[in-house]
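Chain by chain, the residues:
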Amino acid sequence: MEDEKFDCIIVGGGIAGLSAALTFAQNNMKFLLIERGEYSGAKNVSGGVLWGTQLAELVPNYWEEDDIGFERYIKHRRLSFLDHDTSFSIDFKSEHFEEPPYKGIIVLRSKFDNWFAGKVQEAIEKSDFADESFLATDILVEEVLKDNGKVVGIRAGEEKFFSDCVIIAEGVNNLLTRQVGLQSDYVPADYVATGIKEIIRMDRDVLENRFQLDGLSGMSNEFIGLGATMGVEGGGFLYTNRDSLSIGLVVGLKDLREKGGNNELSKAAKKRREDNKKPLKAQDKSKNIYDILSEFKKHPAVKDMIKGGETVEYSAHVVSTGDMRVMPKEIYADGVMIAGEAANLLMNSGKAIQGMDFAMQSGVLAAQAAVEAKKKKDFSAVTLQKYRTALEESFVMKDMRQFQSAVHFLHTPAMFSTIPNLVCDFGRQFFTIDNTPTEKTSKMLKNSIKKYSSYSELIKIGIKGARSL
Amino acid sequence: MKELSIAERLGMVIYRNQGKSEAKAHIEVDTDICNSTCPHLCTTYVCPANCYTIDENGEVHFQFEDCIECGTCMYACDQDAVTWKYPDPEEGRGINWNFG
């Protein structure tokens, strides 16, 4: 296959790359997809819920197959405010979520991406290029090749592969996007977070009874407040898989750098640096990322949900926050397009964490732009700009632009400490019956506001919050 | 549930090329920077795989073998001490997720 020139090379066999590949197979394009993992999904980590119904367009009736790629569909959603010992939730369960195509499915990437790759392979076999398009795994692309400023192919080890265009769908740690000059060489921690997660296995009957699930129905639970992230920007999540739970945190990296600290040993480091011109400001308190996860699992509300389970996997991955300031300068150039989280297409608006649906949509749109470029026999930036235009007109960029202020609002201290504290404190008063005269609800609210905030602060938060929605 | 130590958590991770005596490092850290001018040593508490540690003398050490390819240190280090690449499928380390 080395001598052959492809219409397109896709770097990365995650959801964005596979969605592009499926679009190519359906449009008789000759392509090569290169995945660095042993199989698609081997390197991927997500929460994770794939929101939206687009999968049904790419793989019609995916829920009717014997070998389904997803764990459960979302029927029950819950947002919980946590302080140190209390949980106050907004809980929503509806038959409206019952009918396929489902509005959200819970997935485990190692299984889902592998299943999705199988669907792409089936589509390749039905295309005109059944023997000339490939899904290649276990190969690391180290360089994107350029000729006269135009991208012409890739290099993996000693081998070079050439194509009319390249779709970079390498994920958030977008080294190739940086190499082609669309992203800065150093991306600061400001607008990224780290997701950290455990898979907790549980007897299927126990899990279904505990979470009141029926058949393949599932629940998503998000958490904010001190009980989740110990005052660090971010939040927690819990999703029900078929016979396990995905539980974890997403923690703002810049805030963790400022608020975290090492154990006793940092004192030694501090002492060592005392005479130095550059003293160490490291904090003595012990707060590292995996200890925050341990504390979250010990929260009374969370502890009861995971009781009796057994952790079978521990994972972590950097994740974009949805703040557009981190995005690449542009998502196309001569002969190249950037799709999925390589373009930081991901958003936590407070309503949901969307990333996999953005990956799917952007992969399809990038592929469609390449199909059109082939017809025109022009893969220059002028033609590939169509990808940008289409993405701007789609829900991906419309929602990201629409919810920017919500994203910023979610990252204010009010949202991960003040509000959850206040809500939990009010709940404790409101739901406590203790044979003493009960105060009026308005007085209870006033008590909680005085304790954790002030009316003026709340008004400011309210205005900011209202504007962001 | 019993609280898990970081060693127990990493014990569940399936690393690649475990049979090879020496894997090729995919991350290089200039610990001279950590040990002389870095004001926060943040990698020692933001890395989810505890690849950055401080010894009794207060010196920072790095090992790539336990790395789970999350990318955190590449962003968190603002002192230009971390050079981050993906592990080589054949010669490098890195992970294979069972669930992901």
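Here the structure is a predicted model, which means the values were calculated and not measured. Position labels on residues start from 1 in each chain and follow its written sequence. Chain letters and ligand numbers both follow the written order, the letters beginning at A and the numbers at 1. Confidence filtering applies because this is a predicted model: local features only for residues at pLDDT of at least 70, side-chain atom pairs given and counted only at 80 or more, and all residues used for totals across whole chains, interfaces and linings.

Caption draft 1: Focus on the overall build of chain B. For chain B, the count of helices and strands is 4 helices and 4 strands. Going along the chain from the N terminus, every DSSP run of H or I of four or more residues is numbered as a helix, and every run of E of two or more is numbered as a strand. Going from the N terminus to the C terminus, chain B shows its helices and strands as α-β-α-α-β-β-α-β. All radius of gyration figures rest on C-alpha atoms, and the globule criterion is 2.2 Å times the number of residues raised to 0.38. Here the C-alpha atoms of chain B give a radius of gyration of 14 Å, agreeing with the 13 Å that 2.2 N^0.38 yields for 100 residues. Of all 100 residues assigned to chain B, the portion counted as buried reaches 46%. Counted over contacts in chain B with a minimum sequence separation of 6, partners at least 24 positions apart contribute 68%. As a rule, residues whose C-beta atom has 12 or fewer other C-beta atoms within 10 Å are exposed, those with 20 or more are buried, and those in between are partly exposed; C-beta atoms are placed from the backbone. Our contact criterion uses C-beta atoms placed from the backbone: two residues qualify when those atoms are within 7 Å.

Caption draft 2: Region of the structure containing the packing of helix α1 (residues 15-26) of chain A against helix α3 (residues 109-126) of chain A. Residue and element names in this part refer to chain A. Axis lines are fitted through C-alpha atoms, for helices just across the contact stretch, and the angle between N-to-C directions can take any value from 0 to 180 degrees. Here α1 crosses α3 at 15 degrees, and the two axes come no closer than 8 Å. Viewed along their axes, α1 and α3 adopt a mutual orientation that is roughly parallel. Here the hand of the crossing between α1 and α3 comes out left-handed. Listed contacts from α3 to Ile 15, Leu 18, Ala 21, Leu 22, Ala 25 and Gln 26 of α1 are Asp 113, Phe 116, Ala 117, Lys 119, Val 120, Ala 123 and Ile 124. Each residue gets one of three labels, nonpolar for Ala, Val, Leu, Ile, Met, Phe, Trp, Tyr, Cys and Pro, charged for Asp, Glu, Lys and Arg, and polar for the others, Gly among them. For the contact of α1 with α3, the per-class residue count stands at 10 nonpolar, 1 polar and 2 charged. In what follows, roughly perpendicular refers to angles from 65 to 115 degrees, roughly parallel to angles under 35, roughly antiparallel to angles over 145, and oblique to any angle outside these ranges. Throughout, a crossing is termed right-handed when the near helix is turned clockwise from the far one, and left-handed when it is turned anticlockwise from it by less than a right angle.

Caption draft 3: Looking closely at helix α8 (residues 265-272) of chain A. Taken as a whole, α8(A) has its buried residues at A:Leu265, A:Ser266 and A:Ala269. Take α8(A) and look down its axis: the buried residues cluster within an arc of 105 degrees, on one side only. On its buried face, α8(A) sits against β2 (52-54) of chain B. Note that the arc is computed from the directions linking the helix axis to the C-beta atoms.

Caption draft 4: Broad picture of the interface of chain B and chain A. In this complex, chain B contributes 40 residues to the contact, which on the side of chain A involves 56 residues. For the side of chain B that touches chain A, the secondary-structure elements that each account for two or more residues are α1 (6-10), α3 (43-46) and α4 (72-76) of chain B. Considering each element in turn, the side of chain B that touches chain A owes the most residues, 4 residues, to α4(B).

Caption draft 5: Geometry of the domain arrangement of chain A. Each domain of chain A was delimited in the assignment, giving domain 1 (5-71 + 107-183 + 328-393), domain 2 (190-320) and domain 3 (409-468). For every domain, the bounds stem from an assignment made automatically or drawn from a database. For domain 1 of chain A and domain 3 of chain A, the distance between their C-alpha centres works out to 45 Å.

Caption draft 6: Seen up close, unusual backbone geometry. Across the junction of A:Gly47 and A:Gly48, the peptide omega takes the value -5 degrees, indicating a cis bond. Take A:Gly48: it is sitting in the loop between β2 (31-34) and β3 (49-51). The linkage connecting A:Pro100 with the following residue, A:Pro101, adopts the cis geometry, with an omega of 0 degrees. Its identity as a non-glycine residue notwithstanding, A:Asp138 has a phi of 65 degrees, on the positive side. Mapped onto the secondary structure, A:Asp138 falls in the loop between β7 (134-136) and β8 (143-147). On the basis of neighbour counts, which here come to 14 C-beta atoms within 10 Å, the residue A:Asp138 falls in the partly exposed class. One non-glycine residue, B:Leu41, adopts positive backbone phi at about 50 degrees. Relative to the helices and strands, B:Leu41 resides in the loop between α2 (31-34) and α3. Of the residues examined, B:Leu41 has 27 C-beta atoms within 10 Å and is grouped as buried.

Caption draft 7: Looking closely at helix α15 (residues 413-431) of chain A. Residues and elements named next belong to chain A. For a helix, the expected span equals 1.5 Å multiplied by the residue count minus one. When the terminal C-alpha atoms of α15 are compared, their 26 Å separation across 19 residues agrees well with the 27 Å that a helix rising 1.5 Å per residue should span. Here the bend at a residue is taken as the angle between two axes, fitted respectively to the seven residues that end there and the seven that start there. Bending of α15 peaks at approximately 30 degrees at the position of Ile 419, with proline Pro 420 no more than four residues after it. Buried within α15 are the following residues: Ala 414, Met 415, Phe 416, Ser 417, Ile 419, Pro 420, Asn 421, Leu 422, Val 423, Cys 424, Asp 425 and Phe 426.

Caption draft 8: Here's a closer look at the pairing of strand β5 (residues 87-93) of chain A. Residues and elements named next belong to chain A. In this analysis, strands are considered paired if DSSP registers two or more bridges between them. As paired elements, strand β4 (residues 72-82) and β5 share 7 bridges and run antiparallel to each other. In the strand pairing of β5, Arg 77 is matched with Phe 92. What sits between the antiparallel neighbours β4 and β5 is a turn of 4 residues.

Caption draft 9: Focus on the pairing of strand β10 (residues 159-168) of chain A. Residues and elements named next belong to chain A. Counting buried positions along β10 gives 7 out of 10 residues, so the element sits mostly inside the fold. Alignment of strand β1 (residues 5-11) against β10, held across 6 bridges, turns out to be parallel. From the neighbouring strand, Lys 5 faces β10, where its bridge partner is Phe 162. Where strand β9 (residues 150-156) and β10 come together, 4 bridges link them in antiparallel fashion. Within β10, the residue paired with Gly 153 across the bridge is Phe 162. As consecutive antiparallel partners, β9 and β10 are separated by 2 residues, and within that stretch Gly 157 has a phi angle of approximately 60 degrees, a positive value.

Caption draft 10: Structural view of the environment of A:Asn173. For A:Asn173, the location among the structural elements is in the loop between β10 and α4 (175-179). By C-beta crowding, A:Asn173 is classed as buried, having 23 other C-beta atoms within 10 Å. On a C-alpha basis, the gap between A:Asn173 and A:Tyr452 in space is 38 Å, while along the polypeptide they are 279 residues apart. Apart from residues lying up to four places away in sequence, A:Asn173 is in contact with A:Val318, B:Gly71 and B:Met74.

Caption draft 11: Representation of the confidence of the model for chain B within the structure. Residue-level confidence of the predictor, termed pLDDT, takes values from 0 up to 100. Looking at chain B, the pLDDT average stands at 95 and 100% of residues meet or exceed 70. Model confidence for the complex is summarised by a pTM of 0.96, with the ipTM given as 0.98.

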